[in-house]
Amino acid sequence: IDFRGSITQARGFSSLGHKAIIWRRDGRLVGGVREFSKLIKDSYTLELDVDKDLIKSITQENLMTAEQMAADDNWTPSLGQYRKEWKDGNIFEGSWQARKPHRGVVTFPDGSTYEGALRHGLFQGVGLRKYVNGSKFQGMFQKGKRQGKGKFDDGAGNVYEGMYVEDLPAGKGQRTWPDGRTYNGDWKEGKATGKGTERRPRKGG
């Protein structure tokens, strides 16, 4: 019986070498004798005769190997919840599918973040993008770009809420300025077309 292959595949990983048996638990690649024994019993109806000294040695080896593997930029978990930090400063914390980030929080080296779903490493679906200057965008993304309905707020009173195409305001949308002025109408390639309504606040209240 290929115990190593059975264990690693059941935990969402391919074979990890010829040494200790390793799998992920609580965000780290570690193994526990109880989990190991239960899996073997459930899968093969076999009772294990546990050598405590050997288990202790395997556990220590697991911890060392796990830390070394997780530090490698090329290593990614197959599935489940995990926090991965790359050497270039990018961090992803959330769920993984097929060895790719699926849904969670991406933190970039400059401190900006994205929270939401991803596909093939790109923003996809409803998400929240926050920038270090205090501005933020919440809405729809497609292939990493703003696409569809969304709201951008620069944190200083400038707000655009409406449709986006290829990362720019396009279609129907409303822009609000810090002084209370608004424009509600058509947009194209990030600029107002003039086909809309502009309102200005009354002077003197």
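Please read all numbers here as calculations on a predicted model, not as lab measurements.

1. Examining the pairing of strand 6 (residues 113-119)
Stage number 1. Two elements, strand 5 (residues 100-107) and strand 6, share five bridges in a ladder whose sense is antiparallel. Bridge pairing links Thr107 to Thr113 in strand 6.
Stage number 2. Hairpin remark: strand 5 followed by strand 6, antiparallel, with five residues in the connecting loop; positive phi at Gly111, about 95 degrees.
Stage number 3. In this sheet, strand 7 (residues 122-130) lies alongside strand 6 in antiparallel orientation, the contact comprising six bridges. Across the sheet, the residue bridging to Arg119 is Leu122, located in strand 7.

2. Describing the nonpolar core
Stage number 1. Ranked by size, the top nonpolar core spans 15 residues in total, and within it Phe92, Val106, Tyr114, Leu118, Phe123 and Phe141 carry the most contacts.
Stage number 2. For this core, the secondary structure elements donating two or more residues are strand 4 (91-97), strand 6, strand 8 (136-142), strand 10 (159-165) and strand 12 (182-188).
Stage number 3. Not counting chain neighbours up to four residues away, the residues in contact with Phe141 comprise Tyr114, Phe123, Gln124, Gly125, Gly127, Leu128, Arg129, Arg146 and Gln147.

3. Observations regarding the pattern of salt bridges
Two side chains with opposite charge may pair up if their charged atoms get near one another.
Stage number 1. Using the criterion set out here, one finds seven salt bridges in the structure.
Stage number 2. Note that Asp167 and Arg146 form a salt bridge whose closest N and O atoms lie 3.2 Å from each other. Pair noted here: Asp167 is in the loop between strand 10 and strand 11 (168-176) and Arg146 is in strand 9 (residues 145-153), with a separation of 21 residues, a long-range link.
Stage number 3. Taking relative accessible area as the criterion, Arg146 reaches 17% and is therefore assigned buried.
Stage number 4. Asp186 is the partner of Lys172 in a salt bridge, and the nearest nitrogen-oxygen pair spans 2.7 Å. A residue pair is termed long-range when its members are at least 10 positions apart, and Lys172 in strand 11 and Asp186 in strand 12 qualify at 14 residues.
Stage number 5. One continuous salt-bridge network, built from bridges that share partners, spans Arg83, Glu85 and Glu93.

About the cut-offs
Residues numbered from 1 in each chain as written. Predicted model: local features only at pLDDT ≥ 70, side-chain atom pairs only at ≥ 80, totals over all residues. Heavy atoms only, no water. Pairing = 2+ DSSP bridges. Helix = DSSP H or I, 4+ residues; strand = E, 2+ residues; numbered from the N terminus. Core = buried A, V, L, I, M, F, W, Y, C linked by side-chain atoms within 4.5 Å. Buried < 20%, exposed > 50% of the residue type's maximum accessible area, 1.4 Å probe, protein only. Contact = heavy atoms within 4.5 Å. Salt bridge = Lys/Arg side-chain N within 4 Å of Asp/Glu carboxyl O.

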